[in-house]
Amino acid sequence: AQSVTQLDSQVPVFEEAPVELRCNYSSSVSVYLFWYVQYPNQGLQLLLKYLSGSTLVKGINGFEAEFNKSQTSFHLRKPSVHISDTAEYFCAGSISGTYKYIFGTGTRLKVLA
Amino acid sequence: GAGVSQSPSNKVTEKGKDVELRCDPISGHTALYWYRQRLGQGLEFLIYFQGNSAPDKSGLPSDRFSAERTGESVSTLTIQRTQQEDSAVYLCASSLGVNNEQFFGPGTRLTVL
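Let me begin by describing the structure that accompanies this report. On a predicted model such as this, the values are computed, not experimentally measured, just so you know.

Description of the state of the cysteines
According to the stated counting rule, one finds two disulfides over all chains in the structure shown. Sulfur-sulfur distance for the disulfide between Cys23 of chain A and Cys91 of chain A comes to 2.0 Å. On the S-S bond that ties Cys23 of chain A to Cys91 of chain A, the torsion sits near -65°, and the link is left-handed. A residue pair is termed long-range when its members are at least 10 positions apart, and Cys23 of chain A in the loop between strand S3 (19-21) and strand S4 (24-26) and Cys91 of chain A in strand S10 (residues 87-95) qualify at 68 residues. Pair check on accessibility: Cys23 of chain A and Cys91 of chain A agree, each one buried. Here Cys23 of chain B pairs with Cys92 of chain B through a disulfide, and the sulfurs are 1.8 Å apart. Of note, the bridge from Cys23 of chain B to Cys92 of chain B carries an S-S torsion of about -65° and is left-handed in sense. Of this pair, Cys23 of chain B sits in strand S3 (residues 19-24) while Cys92 of chain B sits in strand S9 (residues 88-95); the two residues are 69 residues apart in sequence, bridging distant segments of the chain. We note that Cys23 of chain B, like Cys92 of chain B, is buried.

Here's the deal with the layout of surface pockets
Space inside the largest pocket adds up to approximately 590 Å³. Lining the largest pocket are 28 residues, and of these Gln38 and Asn41 of chain A together with Gln37, Val89 and Arg109 of chain B lie nearest its centre. Of all the secondary structure elements, the ones that give two or more residues to the lining of the largest pocket are S10 and strand S12 (107-112) of chain A together with S9 and strand S11 (108-112) of chain B. At four residues, S11 of chain B tops the list of elements feeding residues into the lining of the largest pocket. A class-by-class count of the residues in the lining of the largest pocket yields 10 nonpolar, 13 polar and five charged.

Considering the side chain of Thr13 of chain B
Residue and element names in this part refer to chain B. With respect to the helices, strands and loops of the structure, Thr13 is situated in strand S2 (residues 10-13). Relative accessible area serves as the criterion here: at 8%, Thr13 is assigned to the buried category. When neighbours within four sequence positions are excluded, Thr13 is seen to be in contact with Val19, Thr82, Leu110, Thr111, Val112 and Leu113.

Re the pairing of strand S5 (residues 31-38) of chain A
Residue and element names in this part refer to chain A. Summarising burial for S5: seven of the eight residues are buried, a large majority. Two elements, S5 and S10, share eight bridges in a ladder whose sense is antiparallel. Among the inter-strand pairings, Trp35 is bridged to a residue of S10, identified as Cys91.

Some words on the environment of Phe74 of chain A
Residue and element names in this part refer to chain A. Summarising the element assignment, Phe74 is placed in strand S9 (residues 73-78). The class for Phe74 is buried, based on a relative accessible area of 0%. C-alpha of Phe74 to C-alpha of Ser84: the two residues are 10 residues apart in sequence and 23 Å apart in space. Every residue in contact with Phe74, bar those within four places of it in the chain, is listed here: Cys23, Leu33, Phe34, Trp35, Leu48, Tyr50, Ala65, Glu66 and Phe67.

Cut-offs and rules
- Residues numbered from 1 in each chain as written.
- Chains lettered and ligands numbered in written order.
- Predicted model: local features only at pLDDT ≥ 70, side-chain atom pairs only at ≥ 80, totals over all residues.
- Heavy atoms only, no water.
- Disulfide = S-S within 2.5 Å.
- Helix = DSSP H or I, 4+ residues; strand = E, 2+ residues; numbered from the N terminus.
- Buried < 20%, exposed > 50% of the residue type's maximum accessible area, 1.4 Å probe, protein only.
- 1 Å grid on protein atoms, 1.4 Å probe; cavity = no way out; pocket = protein on both sides within 12 Å on 5 of 7 lines; lining within 4 Å.
- Points joined across faces, edges and corners; volume = space filled by probe spheres on them.
- Nonpolar A, V, L, I, M, F, W, Y, C, P; charged D, E, K, R; others polar.
- Contact = heavy atoms within 4.5 Å.
- Pairing = 2+ DSSP bridges.

Geometry only, nothing functional implied.
Set out below in C-alpha cells:
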C-alpha cells in the first residue's frame, strides 16, 4: 500500500535555528511529492513540489526539500526559522498517473522566541 | 474568484440533522476534491470529481455522505443524519487536471453537538 509517513508530530525550535521536518514515502513507482503548510484556521498552501529533475527543490518562504530515492525520503529544511513559520506542515505524495494525494499526519512546527 | 472558496466557514449542528457544505473551485479547474481533516490528524480523501462526474467515491465513510457537482463548477458535500464523529474540518481543493497542483480552500469547520 502507498503511504506517506511524517515521523515527528511536533517539532519545537528556537527562532533563527535550522529545522528539518522528516517525510518518508513508500512506493514502487515514481511519485510526485509535495509539502504543504497550514496556518491556524486557514487552508493548505503549497510550499514546494517535486515532479522530476533536480532532486533539490526550492520553495517559498526559504524552504527547500531534497528527494532521496534510495532512502524514499523527502525531508523539508529551512536554515533559519522565524516566529511566523509556526504552523502545521503536511507532506503528500501522488502516484504519477493518478489523482489521489496521500497525506502524512502532519508535523506541528513551533518556533520559540 | 482568485482562489477556492468554501461556505460556511463554520457550522454547528445538532446530531441527526443534515448539513450541506459548499465549494467554489478556481474557474477553469476541471478536477475537484473533498477531504476531511479530523483534529490532530492528516487529510483523509473523500471524493474526486472530474468535470461533473465522480469516478472515485471510495473515500466516503458511509452512505450518509454524498456529493455532487454541477456545471463543472460548484460542488456540494451533504452529510445526512450527522453524528458526533462527523465533526471535522472539511477541505475542498481543485486542480487543472490529474497530477496538477491542488489548490485548497480554507475549509468548513463542522461541529456536531
